[in-house]
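Inside the fold
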Amino acid sequence: MSAPPQQPFAVAVDGVSKTFALPHQHVNTLKERVLHPFQRTTYDRFEALKDVSFQVEPGEFFGIVGRNGSGKSTLLKCLAGIYGPDAGDIWLTGRMAPFIELGVGFNFELTARDNVLINAIMLGLTPAEARARYEDIIAFAELEQFVDLKLKNYSSGMHVRLAFAVMVQVDADVLLIDEVLAVGDAAFQQKCHDTLQEMRDEGRTILLVTHDMSAVERFCDRAMLLERGDLVMLGEPHEVAVGYNEMNFGRSGGGASAAGADRRGDGAARVLDAWFEDRDGNRAEVLEQGTPCSVRMLVEAQEPLEDPVCGFSINDDQHRRVFATATAWVGQSTGTFAAGDRAVVTLQFDTVFHPGRYSVTPFVAYRGSGDRMMDLRERLSSVVVTGTLETGGVVDLPHELVVTRAGTETPRALEPR
Amino acid sequence: MSAASGSAPVPYKVTGPSALSGDWRRFTHLSVMLAVTDFKLRFFGSVLGYLWSLMRPLLMFGVLYAVFSVVFRFGGAVNSYPVVLLMAIVVYEYFGEATANAVQSVIDRENLVRKIHFPRMAIPLSITLTAAFNLGLNLVVVLFFMVVSGIEPRLSWLGVFPLVALLIAFATGIAMLLSALFVQYRDVSPIWDVVLRALFYATPIIYVIEQIEDRNETLAHIAMCNPLAVIIEQLRHMMIDPTAPSAAEAIGGAPMLLIPLGILVGSCALGFTVFNRRAPMIAERL
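Residues numbered from 1 in each chain as written. Chains lettered and ligands numbered in written order. Predicted model: local features only at pLDDT ≥ 70, side-chain atom pairs only at ≥ 80, totals over all residues.

Notes on unusual backbone geometry
Residue and element names in this part refer to chain A. Within the chain, Glu142 stands out as a residue other than glycine whose phi angle is a positive 55°. With respect to the helices and strands, the residue Glu142 is situated in the loop between α4 (127-141) and α5 (156-169). A positive phi angle is found at Asp307, which is not glycine, with a value near 45°. Note on placement: Asp307 falls in the loop between β14 (305-306) and β15 (309-316). Look at Asp307 and you get partly exposed, because 15 C-beta atoms sit within 10 Å. (Helix = DSSP H or I, 4+ residues; strand = E, 2+ residues; numbered from the N terminus. Buried ≥ 20, exposed ≤ 12 C-beta atoms within 10 Å, placed from the backbone.)

This is the structure in structure tokens:
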């Protein structure tokens, strides 16, 4: 048995691995076991965690992110002592309370009073402590009138409030929270967020497993990214959030995915290439939300042309057109081309798109309405926009949200700014 | 509300799940809490509440008494047969309830096992505790019938305490074994049902041990190797009928009692070992 690390820590994980043996066929009955006593079951090994090491300092708010199946929950269960790691050590300082799920041990046939006591004892309080905090818990949940109601008669919102109230009052030094905050209505979510903020200010150590990158950026001091059981990133929440988004939407694509894309037009001009560029003018497959970027295409005339229309259409991954423009639409002339002349068309804008994958369809058309195509290449190139700003809709417009007190007398007090 | 409590906390190592981990007080609190919850759920839900659980052994007693005493004239030769029968039924019912409920107990509490770290042993123990509340109340009913049927109180009545303790220990041992095995082998449940039924007839409940002894002494000795038989016969001897053979007499000498005692201790040890070995894996195997 090794010694704990020297410097102060709240959680220290040292080389932890966890492998699950998945039997090919389950010997489920004693009968089978007795009839085939020497039959060996064969196992598939699934490495959920591979040699993961990290430390969390006291008072730190630490995010754990990763895609489904990356090992986050296994890690949390190892920390909570529900799974024993196969290798490595886990050290803790102070009392730990796991919240793998809200309301562990809740029983719908019992009253709120009984359930609060059960839940608090399950989470590590003594019965005396649980009774002492009972009033606070009920007050926090704002359920004073309903304490003697059986839980089955509670609405799901009341249920969640009660469970969350217990969690808050358990008063642990180290909290392990697994996506439990993704439930409830907007008001409850806000309360959860406020409470997390408070707990953070009180100097508690919190490990939060989540898919919500805005929460990671908002709360976490540091974060780590897991992928297939490996710790792939550990550091600033923003960087980890960006890494997570890249991983989620994939890095493949870009110009390479153009092969086989649909192509229309008579070929009087050809679009040779199209690509995205980041603010520094480098070809990019990933763009960060809110940064300037550009889309460019390289066009070659196959025969003499007079003022062809060049344009772009940008679509999201559900094939919705997010934005389209063309030279003729903005009143720009492209001039005269001789056969073999080339031109680069550039569209510049700020990446206001919602995080996700976007493709560009460049086209060259005859002058006029713009629907007689010389060449149109469907989804020639694509880019992934990463970001953490959570707003609704297809684009994140630069915006400002202002609340002005209107006073009580008349609504017309709201005057135009 | 400060998270830090007094002195600086000392780092400790997180161990995986186990049958009995660390703090004994927490283990006790959990076991009792789970048992009390179970008890509340079972009895406070119905209108007649607790009465039902008292009715169960009494009803069973009524049926068996009618069949074997009135129809078969079976218990005529036994002193205070009704009380002997009732006492034996109460003991057997406890054992049956505790072990049969324990079989699926770990699976039934899957939600807890997969979500929280606690000594796993609290689960089967809470089952035998719940059944023990019942046993205690049923024994009060037995006591009432003893007094009504005119049995004189004696000092040897105190023997009920060590005997009940042995009974609970035996049931807990079996409960641990069954609950751990059931996680992996799902046919433990029907198998145990059959075993319990066989045990009902193999144990001197509707008959007394002398009735076997009269026909075949060796068979009686073998029947007395069953710890339940020892407990029931000894209770009968100490509580109801001093003229009835004690367990030592029924098995053919006090040294022979080492066999049922060995079985009792052995099943506790086996149950604990199996449960302890499987406890760390329960959450993964569910």
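Topic: the interface of chain B and chain A
Every contact between the two is made by 33 residues of chain B and, on the other side, 37 residues of chain A. For the side of chain B that touches chain A, the elements supplying multiple residues, two or more each, are β1 (11-13), α1 (24-43), α5 (110-115), α8 (188-202) and α14 (282-285) of chain B. In terms of residues, the side of chain B that touches chain A owes the most to one element, α1 of chain B, which gives 6 residues. Its residues assigned to classes, the side of chain B that touches chain A comprises 19 nonpolar, 7 polar and 7 charged. (Contact = placed C-beta atoms within 7 Å. Nonpolar A, V, L, I, M, F, W, Y, C, P; charged D, E, K, R; others polar.)

Regarding the pairing of strand β1 (residues 11-23) of chain A
Residues and elements named next belong to chain A. In the sheet, β1 pairs with strand β4 (residues 87-93) via 5 bridges, with the strands oriented antiparallel. The residue bridging Val13 from the neighbouring strand is Ile90, located in β4. When β1 meets strand β2 (residues 43-56), the two strands line up antiparallel, connected through 10 bridges. Its bridge partner lying in β2, Ala12 is registered against Gln55. (Pairing = 2+ DSSP bridges.)

Scope: geometric values only; no functional claims are made or implied.
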